[in-house]
Amino acid sequence: MRLLPRCSALLVATVIGGLAAGAQESGVNSQAFKEKVEICGACHDPSGVAKMEGVPHLAGQPELYVQWQLVYFRGETRKNDMMTPAAKELTDQDIRDLGTYYMSLAPASPTDPDPDPALTEAGAKIEDNRHCNQCHLEKFTGQGETPRLAGQREDYIIKALHDYQQGARRGRGNVIMPEIAYSLNEDDIKALAHYMSRQPGK
Ligand code: HEC
Ligand code: HEC
């Protein structure tokens, strides 16, 4: 008996299969791609290091992470008033190219003096107990479907953790991040967000 592949398996096949194809014929240098990515730059900044509150940095995010999140926004399993319209019209090829493109940009890295070293230290202690680095990697640079947190905007990390806590964001459909976020209190969230935002990009 042949089993029908599950929907998520199909999506994985589409994205992974496309990655191989995209390697030969990458569209990131085409005029059409430049016009598309200009729209993203209006909010995420052309550098991929966002200057607007609530808008995450994309520069240096793992390719697969960006691609999957765009698939979620497009399918509205991840909802956001600003991102839903931006993702709605993207083709699979656009999504592959956007993943490749943002991964190639230099990630944000704090250069100003830390405005609250005590909070950074508190965040480091919580991280030590919570082992966020198990998935986000030792320097929080992310891997595969797990995002980079190093140098990410503090306000956005707080928002993301609240979204998981409140069930507004389910992620991959499993409960990893919601479960972790439920067990954090407000002080933990503030300290972790500050700590992560202060980590160098590399
Ligand atoms: C009108 C502003 C706006 C535009 C235009 C826009 N974005 Fe976004 N984007 C956002 C906001 C705000 C979020 C955070 C959503 C949330 O809080 O869940 C976001 C989130 C994302 C994320 C998830 C990042 C993460 O760390 O989880 C990706 C990937 C992304 N955008 C890619 C794009 C791409 C690619 C484009 C162009 C096709 C684009 N965005 C256009 C505002 C925008
Ligand atoms: C078991 C693996 C795992 C562990 C441990 C883990 N994470 Fe995650 N995290 C993930 C995955 C996978 C995602 C992407 C989920 C999605 O698709 O929304 C994620 C997403 C996030 C995001 C959203 C970032 C963005 O760009 O939108 C934040 C913030 C985050 N994690 C913080 C943490 C913190 C803080 C800890 C430790 C307290 C932690 N994570 C521990 C796997 C993990």
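In what follows, the structure referred to is the one given above.
Thresholds applied
Going along each chain's sequence as written, the residues are numbered from 1 onward. Just so you know, chain letters begin at A and ligand numbers begin at 1, following the order they were written in. Where totals are concerned, whole chains, interfaces and linings use all residues; where local detail is concerned, this predicted model gives features only for residues with pLDDT of at least 70, and gives and counts side-chain atom pairs only at 80 or more. Helix and strand definitions follow DSSP, with helices as H or I runs of at least four residues and strands as E runs of at least two, each counted in order from the N terminus. Think of it as a crowd count around each C-beta: if 20 or more other C-beta atoms lie within 10 Å the residue is buried, if 12 or fewer it is exposed, and in between it is partly exposed, with C-beta placed from the backbone throughout. The term nonpolar core refers to a group of buried residues, namely Ala, Val, Leu, Ile, Met, Phe, Trp, Tyr and Cys, whose C-beta atoms join them within 7 Å. By definition, residue pairs are in contact when their C-beta atoms, positioned from the backbone, come within 7 Å. What makes a residue near a molecule or strand is its C-beta atom, placed from the backbone, lying within 6 Å of it. For this scheme, ten residues count as nonpolar: Ala, Val, Leu, Ile, Met, Phe, Trp, Tyr, Cys and Pro. Four count as charged, namely Asp, Glu, Lys and Arg, and the remainder, Gly too, count as polar.

Peer 1: Got a sec to walk through the environment of alanine 168? Specific residues and values, please.
Peer 2: Within the element layout of this structure, alanine 168 appears in the loop between helix 8 (154-165) and helix 9 (176-182). Given 14 C-beta atoms within a 10 Å radius, alanine 168 is considered partly exposed. Linking alanine 168 and threonine 77, residues 91 residues apart in sequence, is a C-alpha distance of 9.8 Å.

Peer 1: Which residues make up the nonpolar core, and what are the values?
Peer 2: Counting 18 residues, the largest nonpolar core has Ala59, Val66, Leu70, Phe73, Leu98 and Tyr102 as the members making the most contacts within it. Contributing elements (two or more residues each) for this core: helix 3 (63-75), helix 4 (83-88) and helix 5 (92-104). Sorting elements by how many residues they give to this core places helix 3 first, with six residues. In this structure, valine 66 is in contact with Leu58, Gln61, Leu98, Gly99 and Tyr102, ignoring residues within four places of it in sequence. Residues Phe140, Leu149, Leu192 and Tyr195 belong to the second largest nonpolar core, which totals 15 residues.

Peer 1: I'd like to hear about the environment of aspartate 45, residue by residue, with values.
Peer 2: You can see aspartate 45 is positioned in the loop between helix 2 (31-44) and helix 3. Not counting the four nearest positions on each side in its chain, aspartate 45 is found in contact with Ala50 and Lys51.

Peer 1: How would you summarise the site of ligand 2 if you had to cite specific residues and measurements?
Peer 2: Surrounding ligand 2, one finds 21 residues, the nearest of these being Arg130, Cys132, Cys135, Pro147 and Gly171. Mapped by element, the contributors of at least two residues to the shell around ligand 2 are helix 7 (133-136), helix 8 and helix 9. Each residue belonging to the shell around ligand 2 can be placed in one class, and the counts come to twelve nonpolar, five polar and four charged.

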